[in-house]
Amino acid sequence: MTFDLVLAGGRVVDPSQSIDRIADVAFADGKVAAVGEGLAASARAVHDCAGRLVTPGLIDLHTHVYWGGTSLGVDAPALARSGAVTTFVDTGSAGPGNFPGFRRHVVEPSPVRIIPLMSVSFAGIYAFSKRVNVGESGDQRLLCAPAALEVALANRDVLGGLKVRVGRNAGGTSGIVPLDIARQVADAAGMMLMVHIDEPPPTLDEVLARLRPGDILTHAFRPFPNTPVTADGRVRPEVLEARARGVIFDIGHGMGSFAFSVGRTMLENGFLPDCISSDVHALCIEGPAFDLLTTMSKFLCLGMPLVEVIRAATDNPARALTRADLGTFRTGAAGDASVLSLDSGRFDYVDSTGAHLSGEQRLSAKATVIDGAVFHAN
């Protein structure tokens, strides 16, 4: 068999298949064709990956990439080039009132994969900027369940699920009501629901009580209040119970939603995040989140094993999205890959509270492969 592209001689780390060894990854017709040795001899194009990590295409499970359509949107193709992400999950930038425009003008023409989670709020996240910040869940007139259901069903072919933001910043005094409305829509549509939580109201236990197996709590390692840890350094019982019944815990770093102190405590208790995501948007792309690789690097420096960090940005988010074709090098999967460098040195990291972490490792992007072709190489 002749391959279109072979990534040759890198350290291939594919947690979905328990692969961690020096090997080649071959692509043909836009799909993964093989993982093995000596594949470069049968390739039309070869990309030398010696000394690099080669992983299935990174999936950032929490981003905002409605560039030009919302004030918080950033450019997905630019981030794919600089950060080696091949799939961006846009989490609620657009709602029922503007989702068709997001689909036609951003999602469909994008050279990189964008999987939207539609907001149940009619206008999506419409007023999130340095000058204007109005929580879209605060005005319950915007929470029209019939409109959300209608648009969700009409766009089932591209949607990965639904999104709602609750908390004092996102919803003012509306408390748990936006989540209760979103719960009805998600159940009627048969879709997964991602829930943002910030400061109360509502409380973390109120939110977790309403989540079903396969639903995602994002900002899961957030600082006080609504933090998942207790004052004496344990994981809160309701968090453990939610994981046991199948709730997925996602980082969603963002501007104010991840603390090193919480991360340390959770890891010390053996509670690793299911998914690591950046929540990259216009107000955190220049810090503290920056991008997915920076967020992954922070967890490396907190002591999370490299294979588990990669799993949380490949196999686990693919499972959360029920996309068996993503996050893996199984034969026939989407021909996506991320070529990374694992750098050693002294690196300063900052969390959402302003706390600093001095780390000795950093992941950086060297190449992005999409649909079996090199999209960008540094």
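As the structure is a prediction and not an experimental result, all values here were calculated from the model. (Residues numbered from 1 in each chain as written. Predicted model: local features only at pLDDT ≥ 70, side-chain atom pairs only at ≥ 80, totals over all residues. Heavy atoms only, no water.)

Visitor: Sorry if this is basic, but what is going on with the packing of aromatic side chains here?
Guide: For any two aromatic rings, the description comes down to two numbers: the centre-to-centre distance and the angle of the planes. The full count for this structure, using the stated rule, is seven aromatic pairs. Measuring from centroid to centroid gives 6.2 Å for F99 and F102, while their planes differ by 80 degrees, and the two rings are edge-to-face. Here F102 and F99 lie together in helix 2 (residues 99-107), a separation of three residues that amounts to about one turn. Residue F99 is classed as buried on the basis of its relative accessible area of 1%. A relative accessible area of 1% means that F102 is categorised as buried. (Phe/Tyr/Trp six-rings, centres within 6.5 Å; stacked < 30°, edge-to-face > 60°. Helix = DSSP H or I, 4+ residues; strand = E, 2+ residues; numbered from the N terminus. Buried < 20%, exposed > 50% of the residue type's maximum accessible area, 1.4 Å probe, protein only.)

Visitor: Before we go on, may I ask you to explain the nonpolar core in this structure?
Guide: If you look at soluble globular proteins, the nonpolar side chains tend to sit buried side by side. Of all hydrophobic cores here, the largest spans 83 residues; its most connected members are L217, F221, F249, I276, M296 and F299. Sequence-distant contacts of F249, defined by excluding residues within four places in its chain, comprise L208, L217, A220, V239, A242, R243, F271, P273, D274 and C275. Listed in part, the 16 residues of the second largest apolar core include L7, V12, I19 and A337. (Core = buried A, V, L, I, M, F, W, Y, C linked by side-chain atoms within 4.5 Å. Contact = heavy atoms within 4.5 Å.)

Visitor: Looking at this structure, how should I read the pairing of strand 7 (residues 85-91)?
Guide: Regular strands place side chains that alternate from one sheet face to the opposite one. With seven of seven residues buried, strand 7 lies mostly within the body of the structure. Bridging between strand 6 (residues 58-63) and strand 7 involves four bridges; their strand directions are parallel. Residue pairing for strand 7: T63 is matched across the bridge by D90. Chirality of the crossover, the property in question, places the unit of strand 6, helix 1 (residues 76-83) and strand 7 among those that are right-handed. Two strands pair when backbone bridges link them, and strand 7 and strand 8 (residues 113-119) are joined in this way by five bridges, in the parallel orientation. Within strand 8, the residue paired with F88 across the bridge is I114. One crossover worth recording links strand 7 to the parallel strand 8 by way of helix 2, and it is right-handed. (Pairing = 2+ DSSP bridges. Right-handed = clockwise from strand over helix to strand, strands pointing away.)

Visitor: Explanation requested: the sheet that holds strand 8 in the structure shown.
Guide: Within a sheet, adjacent strands bond to each other through the backbone by hydrogen bonds, running parallel or antiparallel. Pairing is parallel in the open sheet, where seven strands are placed in the order 6-7-8-9-10-11-12. Each having just a single partner strand, strand 6 and strand 12 (248-249) make up the two edges of the open sheet. In this structure, strand 8 lies alongside strand 9 (residues 161-166), joined through three bridges in parallel fashion. Bridge assignment links M118 to a residue of strand 9, and that residue is L162. Against the sheet, helix 5 (residues 177-189) contacts strand 9 and strand 10 (193-197), and its axis sits at roughly 170 degrees relative to strand 9. (Axes fitted to C-alpha atoms, helices over the stretch in contact; angles between N-to-C directions.)

Visitor: Would you mind showing me how to read the packing of helix 3 (residues 145-154) against helix 5 here?
Guide: One way to put it is that helix 3 packs onto helix 5 with a least axis distance of 10 Å and a crossing angle of 35 degrees. Regarding helix 3 and helix 5, the two cross each other, and that crossing is right-handed. In contact with A145, A148, L149 and L153 of helix 3, helix 5 contributes I181, V185, A188 and A189. Here the residues of the contact of helix 3 with helix 5 sort into eight nonpolar, no polar and no charged. (Left-handed = near helix turned anticlockwise from the far one by under 90°. Nonpolar A, V, L, I, M, F, W, Y, C, P; charged D, E, K, R; others polar.)

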